[in-house]
2 protein chains.
Amino acid sequence: MSENKIPYKIYLEESEMPKSWYNLRADMKNKPAPLLNPGTLQPMTAEELSGVFCQELVKQELDNDTPFFEIPAEIRDFYKMYRPSPLVRAYCLEEKLQTPAKIYYKFEGNNTSGSHKLNSAIAQAYYAKNQGLKGVTTETGAGQWGTALSMACSYLGLDCKVYMVKCSYEQKPFRREVMKVYGADVTPSPSDTTNVGRKILEEFPGTGGSLGCAISEAVEVATSTEGYRYVLGSVLNQVLLHQSVIGLETKTAMDKYGIKPDVIIGCAGGGSNLGGLISPFMGEKLRGEADYRIIAVEPASCPSFTRGEYRYDFCDTGMVCPLAKMYTLGSSFIPSADHAGGLRFHGMSSVLSQLYADGLMEAVSVKQTDVFKAAEEFARVEGILPAPESSHAILAAVNEALKCKETGEEKTILFGLTGTGYFDLVAYEKFHMGEMVNTIPTDEDIRKSLDRLPKV
Amino acid sequence: MSENKIPYKIYLEESEMPKSWYNLRADMKNKPAPLLNPGTLQPMTAEELSGVFCQELVKQELDNDTPFFEIPAEIRDFYKMYRPSPLVRAYCLEEKLQTPAKIYYKFEGNNTSGSHKLNSAIAQAYYAKNQGLKGVTTETGAGQWGTALSMACSYLGLDCKVYMVKCSYEQKPFRREVMKVYGADVTPSPSDTTNVGRKILEEFPGTGGSLGCAISEAVEVATSTEGYRYVLGSVLNQVLLHQSVIGLETKTAMDKYGIKPDVIIGCAGGGSNLGGLISPFMGEKLRGEADYRIIAVEPASCPSFTRGEYRYDFCDTGMVCPLAKMYTLGSSFIPSADHAGGLRFHGMSSVLSQLYADGLMEAVSVKQTDVFKAAEEFARVEGILPAPESSHAILAAVNEALKCKETGEEKTILFGLTGTGYFDLVAYEKFHMGEMVNTIPTDEDIRKSLDRLPKV
């Protein structure tokens, strides 16, 4: 393998790192539907949103036209602490699979948050600090977003209150500790510290929680505490904007070596990683400059794209947040305690939902036992213990590479390896002991949850 | 900070990676003392050693003259999976400390073993495989070496039996699980699976174990099982040879940017990381081409350099291994259950011991509560949660940088950041709860342990 022209890992120079984020919405013919005020059912105005988000982020959230937003110098300096991230040629995985396909992955796990989440955390914390705020609140599922936000806040000197989905809190005892190193205040959700938490606990006693519940609690605290705003690690347009740094770096690295992907694959919970990775490629597709197959991979336990409905829904379980038009299982849907905590969200980014509705991308759902099998195979040949979330993309990439083996096609497959699984060893242990099960919602489960939604 | 010419992270190109390991011994005027046969007290011959180690490694162990050993292509390919590792300019730490010093660290934690240990693990596993062996046995303290060896063995298809120091096994419940992902067989040591383990358990019931005990057990199994050899993650000459890749990459990166370190700092347990990092720099010093201050940092709980004696001693507690001349606390010394598991070894590399005896390097010992304080400060500004072992070097580097602040000197400080602390959260938690204590051996503890040694 030594003589290959393309290195195992492509690192850009600092000078090649993106200076602007790319706003995919600017190139979309059908723009994503606006957020609606839950009271009036009218599009949320900038003024209304500014009670929840800081001002600069409101601008980014609402702007469907400006293609590029300059990345402030302080954020670019912070990015240099852990970026550029490597674009890896998976030579060893290709050899193991004996596939003619060429497999690449953009690895975002080489930072202490263990994932790509830090890309948006530092941006959101920066704008909050700049506005003179005291602190931010948020939710976290797998814990990566909470850790990322804790790191960013600690760096900038902001308070950070994290509501962590209870089943993740219990599955990942050490995540809380990492957040503490970074000075964050972490509460398992649902909790009795908020009205909405107490209400959910009453209705679903013993629940393991969900991202939707935790969002409700974090928003309640942010909007009722002086000097605080709420920040979110996925779903929102602004998050996809910040995460475009993943795709932009990937595109620059691929262009540098003359590589053109045929298929682009990413796991999808709220859409932050997939949306970021595909941005510049989807931009070319939208502008008719190139074509790519783009595949979202979601867990069979929480299949928003593949079994949800495209409609307006609340982003949170407590129904206190604005409504977003998206593929959704219904905001009262509480997925089983699957180990891919970061993918347990009932809805999906409005941007990705619109692209999916327009037939510009595909989606598949996969079972967690298959995901862990792929994760372990990957770890053994590529030397990285992947996060369960990321392993959804690994499985789909492996399946595509095996198809190439059958057909003999030399396709170029690109996938997003969002992070590492160092805090997911309880899950790996369950997998080894044969105790991992696949809990897949019935059509009736989904129907019931959707039926609870108010008609919009 | 954006305009600095030196990037935050220097990554070499693959083509700039070392093609040979550098054998520091070739440039030493006073060679390290040879290993002695515990029965005859005569220097171990190649034939005697080949019952314990594979043949190529025996050659590397005994060769004090050949300056370079070519790195086989397969090992170089494996290195490309996770190397080159970044040389990081600690801009954020410098700013936090308000020091005129320039701080650099070579970060070896971006791989699933979480440390530099993989550099030697793949080499040792490769030669074992090449010799047609079935498997290898080893000990592990903090768990990094065991994980690294599991990864290397899994990659090459070798069996891997790991004896893990019991207190680390208990402090780091998930390390075992990572090794299982890589198919290793892990036993807490001392155990009742070996004669020497049973003997130690009888003499010290309830002991948390030590690297010395675990080595004895692993050697017993290797020498009594067909097709097995023993491999060791530190102390040995061959390990320092493989780890020279750290220093060689660092030197190439520094030369590329015209950087010359004044002070080079590394933590020291058995010496693998420090010996590797300093290799090419010490080579220059030995050849009179340059001068550097070189500082070994060890835990106050296990202070081989600073409070041990330079003499022949066993590398293991069970006294079944060859004797090495080294700074030692006595092979029956069992350090307190300090959280820097990788530094809890009673002795020290013979190479480093000779260099220290010759006044070519310095040593300091530090307390673990101070170490964790430095670790946390570092994590907050540099974004990497460091391993407790590595944090010994951080503390010493910070202390040097603070001295520069007092004197106004613009020294260039280089330290080795050997790994990440993702599996050390129990320790971080204890630190946060104020439950961490510093257990420092008394002079009598050390005296007693040294007095138990046979006179050589």
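Residues numbered from 1 in each chain as written. Chains lettered and ligands numbered in written order. Predicted model: local features only at pLDDT ≥ 70, side-chain atom pairs only at ≥ 80, totals over all residues. Heavy atoms only, no water.

**Student:** Please clarify how the packing of helix 8 (residues 173-181) of chain A against helix 17 (residues 425-432) of chain B should be interpreted in this entry.
**Tutor:** Working note: a packed helix pair is described by the angle between its axes plus the distance between those axes. One can describe the packing of helix 8 of chain A onto helix 17 of chain B by two numbers: an axis separation of 10 Å at closest approach and a directional angle of 50°. In this view, helix 8 of chain A runs oblique relative to helix 17 of chain B, as classed from their interaxial angle. For the element pair helix 8 of chain A and helix 17 of chain B, the recorded crossing hand is left-handed. From helix 8 of chain A, Phe174, Arg176, Glu177, Val178, Lys180 and Val181 of chain A reach across to helix 17 of chain B, where they touch Leu425, Val426, Tyr428, Glu429 and His432 of chain B. For the contact of helix 8 of chain A with helix 17 of chain B, the per-class residue count stands at six nonpolar, one polar and four charged. (Axes fitted to C-alpha atoms, helices over the stretch in contact; angles between N-to-C directions. Helix = DSSP H or I, 4+ residues; strand = E, 2+ residues; numbered from the N terminus. Parallel < 35°, antiparallel > 145°, perpendicular 65-115°, else oblique. Left-handed = near helix turned anticlockwise from the far one by under 90°. Contact = heavy atoms within 4.5 Å. Nonpolar A, V, L, I, M, F, W, Y, C, P; charged D, E, K, R; others polar.)

**Student:** Please clarify how the interface of chain A and chain B should be interpreted in this entry.
**Tutor:** One frequently used descriptor of interface size is the decrease in accessible area upon assembly of the parts. Contact residues are listed per partner, giving 46 residues for chain A and 46 residues for chain B. Contact between chain A and chain B buries roughly 4,300 Å² in total, counting both sides, with carbon and sulfur atoms accounting for 56%. Taken as a group, Phe174, Val181 and Tyr422 of chain A account for 16% of the area that chain A buries against chain B, more than any other trio of residues on that side. Our enumeration of links across chain A and chain B arrives at two salt bridges. For the pair chain A and chain B, the interface holds 22 residue pairs in polar contact (both at pLDDT 80 or more). Breaking the side of chain A that touches chain B down by element, the ones donating at least two residues are helix 3 (73-82), helix 6 (144-156), helix 8, helix 15 (368-382) and helix 17 (425-432) of chain A. Among the elements that take part in the side of chain A that touches chain B, helix 8 of chain A stands out by supplying seven residues, more than any other. (Buried area = accessible area lost by both parts, 1.4 Å probe. Salt bridge = Lys/Arg side-chain N within 4 Å of Asp/Glu carboxyl O. Polar contact = N/O pair within 3.5 Å; in protein donor to acceptor, adjacent residues only side chain to side chain.)

**Student:** Help me understand the environment of Ile75 of chain A, please; the structure alone is not making it clear to me.
**Tutor:** Residue and element names in this part refer to chain A. Along the chain, Ile75 falls in helix 3. In the structure, Ile75 is positioned 91 residues away from Lys166 in sequence and 31 Å away in space, judged by C-alpha atoms. Once residues within four sequence positions are removed from consideration, Ile75 is found in contact with Trp21, Ile122, Ala123 and Tyr126.

**Student:** Sorry, what's going on with the relation of the copies chain A and chain B here?
**Tutor:** Look at the two chain copies: a rotation about an axis and a shift along it is all it takes to match them. Between chain A and chain B, the superposition needs a rotation of 180° and an axial shift of 0.0 Å, giving an RMSD of 0.0 Å. One copy is carried onto the other by what is essentially a two-fold rotation axis. Taking C-alpha positions as the reference, the residue of chain A nearest the rotation axis is Asn110 of chain A, at 3.1 Å. (Least-squares fit on C-alpha atoms with pLDDT ≥ 70 in both.)

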